[in-house]
Each structure stands twice: as structure tokens, then as C-alpha cells.
Amino acid sequence: MKNDKKKFKTMKNRALGASKEANLNPGDLVSWKTWSMDLLCESFETKEGLLIEIIEENRLENIVLIGKILPFGASEYDFIPLFSLTKTNKGD
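Keep in mind that this is a model prediction, so the values were computed, not measured. (Residues numbered from 1 in each chain as written. Predicted model: local features only at pLDDT ≥ 70, side-chain atom pairs only at ≥ 80, totals over all residues. Heavy atoms only, no water.)

S.K.: Account for the side chain of serine 31, with residues named and values stated.
M.R.: You can see serine 31 is positioned in strand E1 (residues 29-37). With relative accessibility at 11%, the residue serine 31 sits in the buried group. Here serine 31 is in contact with Thr46, Lys47, Glu48, Ser84, Leu85, Thr86 and Thr88, once residues within four sequence places are set aside. (Helix = DSSP H or I, 4+ residues; strand = E, 2+ residues; numbered from the N terminus. Buried < 20%, exposed > 50% of the residue type's maximum accessible area, 1.4 Å probe, protein only. Contact = heavy atoms within 4.5 Å.)

Listed below in C-alpha cells is the structure:
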């Protein structure tokens, strides 16, 4: 089996999360799922926020696209991988 390192270096997938980058822009409302830990149980919770910026980071010699997000009701930014984000159309 031939090991071809070039097959992953196309424009379509130049970075992890590149397929989501075309559909997301700073200023979009986004949602993502995260663990919610309570004293009684653990479950998945959907969080929402405003996409502030798309950042490229090098992680283990690979490019990963990260969304800088201001979650609703929070005063600090969250940094979530772009492949975990979904654009929302909620207006309220």
C-alpha cells in the first residue's frame, strides 16, 4: 500500500473544519453540544452563542479551525472546533 501524504492537502480539506468554514461567518449565531454535569446526572446540552472570529491553529502539525464564540449569558469567550458548530436561524 502506497502512503501518499499529498492526498489530504487539497483545497477542500486544507484544515480540520474547512468544510464548515464556507457556511459560517463572524457574526453568525451558532450552537454546539457539550457535556452538562449536575449533582444528579450528566447529559448533553445544546449551547448557543455569537461567532466572533475563526482562528487557524496548528495542533500536532495539522491546521485546525477554531471558532471564538461569545456564549449567550457569558462574559468570557469559548473556543470550539469549527466542525462542532452548527449555524442557527433562531431570531429570539
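Now that the structure is up, let's keep going.
S.K.: Tell me about the pairing of E1, and name the residues and values.
M.R.: Regular strands place side chains that alternate from one sheet face to the opposite one. Pairing analysis gives nine bridges linking E1 to strand E2 (residues 42-59), with the strands arranged antiparallel. Looking across to E2, one finds that serine 36 is bridged to serine 43. Pairing between E1 and strand E5 (residues 86-87): two bridges, direction antiparallel. Counterpart to serine 31 in the pairing with E5 is threonine 86. (Pairing = 2+ DSSP bridges.)

S.K.: Just give me the short version of the sheet that holds strand E3 (residues 62-71), but keep the residues and values in it.
M.R.: The strands that make up a sheet pair up through hydrogen bonds in the backbone, lying either parallel or antiparallel. Read across the open sheet, the five strands follow the order E4-E3-E2-E1-E5; overall the sheet is antiparallel. The open sheet has two edge strands, strand E4 (78-81) and E5, and neither has a second partner.

S.K.: Tell me about the environment of leucine 85, residues and numbers included.
M.R.: On the secondary structure map, leucine 85 appears in the loop between E4 and E5. Each C-alpha atom of the pair leucine 85 and leucine 24 lies 8.8 Å from the other, and the pair is 61 residues apart in sequence. Ignoring anything within four residues of it in the chain, the contact list for leucine 85 reads Lys20, Leu24, Val30, Ser31, Trp32, Leu51, Gly67, Ile69 and Ile80.

S.K.: For the pattern of salt bridges, give the residues involved together with the corresponding values.
M.R.: Opposite charge on two side chains allows them to pair when their charged atoms are near. According to the stated counting rule, one finds one salt bridge in the structure shown. Between lysine 87 and aspartate 28 there is a salt bridge, with its nearest N and O atoms 3.7 Å apart. Of this pair, lysine 87 sits in strand E5 while aspartate 28 sits in the loop between helix H1 (18-21) and E1, and the two are 59 residues apart along the sequence. Overall, the relative accessible area of 14% leaves aspartate 28 in the buried class. (Salt bridge = Lys/Arg side-chain N within 4 Å of Asp/Glu carboxyl O.)

S.K.: Describe the side chain of lysine 68, listing the residues and the values that go with them.
M.R.: Structurally, lysine 68 can be placed in strand E3. Here lysine 68 occupies a buried position and makes no salt bridge, while the nearest side chain of opposite charge, glutamate 53, is found at 4.0 Å. (Lys, Arg positive; Asp, Glu negative; His and termini not counted.)

S.K.: Go over the nonpolar core with me, naming the residues and quoting the values.
M.R.: Counting 11 residues, the largest nonpolar core is built from Ala15, Ala18, Leu24, Val30, Trp32, Leu51, Leu65, Ile69, Ile80, Leu82 and Leu85. Of all elements in the fold, only E1 and E3 reach the threshold of two or more residues within this core. In this structure, tryptophan 32 is in contact with Glu45, Thr46, Lys47, Glu48, Gly49, Ile69, Pro71, Asp78, Ile80, Ser84 and Leu85, ignoring residues within four places of it in sequence. (Core = buried A, V, L, I, M, F, W, Y, C linked by side-chain atoms within 4.5 Å.)

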